[in-house]
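# Inside the fold
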Amino acid sequence: MDYAKKDKNTLVVVTADHETGGFHILGGRISKENSYIKGDFLTTGHSGDMVPIFSYGPYSENFSGIYDNTEIFKKLNKTSRNHLSADCKRSRITLKLTI
């Protein structure tokens, strides 16, 4: 993030390919003195729960909403094409996948 903030030309996208464990909140309390949640994992495998996507930088507005995770590739592809068209002088694009 420090690099993206300094560079101002780097898009950071963070997500997951699936949710595991099916963690669900069963109860809890929010207070100034003592906040807590009660939860449990509903499976030991993958679940169908949605996963969040976070983005920062140019074109980050393209990564909001709810959609199938296969759309992320399409959105990255479209974003890189738009970036190259808009800024031919700086055509450096790096896609880094971290698992």
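The structure we're discussing is the one just above.
Below: a short report on this structure. (Residues numbered from 1 in each chain as written. Predicted model: local features only at pLDDT ≥ 70, side-chain atom pairs only at ≥ 80, totals over all residues. Heavy atoms only, no water.)

### Concerning the side chain of T10
- Structurally, the position occupied by T10 is in the loop between α1 (2-7) and β1 (12-14).
- Taking relative accessible area as the criterion, T10 reaches 18% and is therefore assigned buried.
- Only 2.7 Å separates the side chain of T10 from the side chain of D7, close enough to count as a polar contact.
- What T10 contacts, discounting residues up to four positions off in sequence, is Y3, A4, Y56, G57 and P58. (Helix = DSSP H or I, 4+ residues; strand = E, 2+ residues; numbered from the N terminus. Buried < 20%, exposed > 50% of the residue type's maximum accessible area, 1.4 Å probe, protein only. Polar contact = N/O pair within 3.5 Å; in protein donor to acceptor, adjacent residues only side chain to side chain. Contact = heavy atoms within 4.5 Å.)

### Describing unusual backbone geometry
- Non-glycine residue K8 carries a positive phi angle of around 60°.
- Looking at where K8 falls in the secondary structure, it is placed in the loop between α1 and β1.
- The phi dihedral of Y59 is positive, around 70°, even though this residue is not glycine.
- Along the chain, the position of Y59 falls in the loop between β6 (54-56) and α2 (71-86).

### Digging into the environment of S35
- Take S35: it is sitting in the loop between β3 (23-29) and β4 (36-41).
- On the basis of relative accessible area, S35 is assigned to the partly exposed category, the value being 43%.
- Here S35 is in contact with R29 and I30, once residues within four sequence places are set aside.
- A polar contact of 2.7 Å, which involves the side chain of S35, links it to the backbone oxygen of S31.

### Some points on the environment of N62
- By the element assignment, N62 lies in the loop between β6 and α2.
- Here N62 falls in the partly exposed class, since its relative accessible area comes to 28%.
- In this structure the C-alpha to C-alpha distance between N62 and K75, which are 13 residues apart in sequence, comes to 7.0 Å.
- Here the side chain of N62 touches T79 through a polar contact of 3.4 Å, side chain to side chain.

### Quick notes on the pattern of salt bridges
- The tally for this structure, following the rule as stated, stands at 1 salt bridge.
- K74 is the partner of E71 in a salt bridge, and the nearest nitrogen-oxygen pair spans 3.2 Å. Of this pair, E71 and K74 both sit in helix α2, 3 residues apart, roughly one helical turn.
- Judged by relative accessible area, K74 falls into the partly exposed class, the value being 47%. (Salt bridge = Lys/Arg side-chain N within 4 Å of Asp/Glu carboxyl O.)

By themselves these figures say nothing about function.
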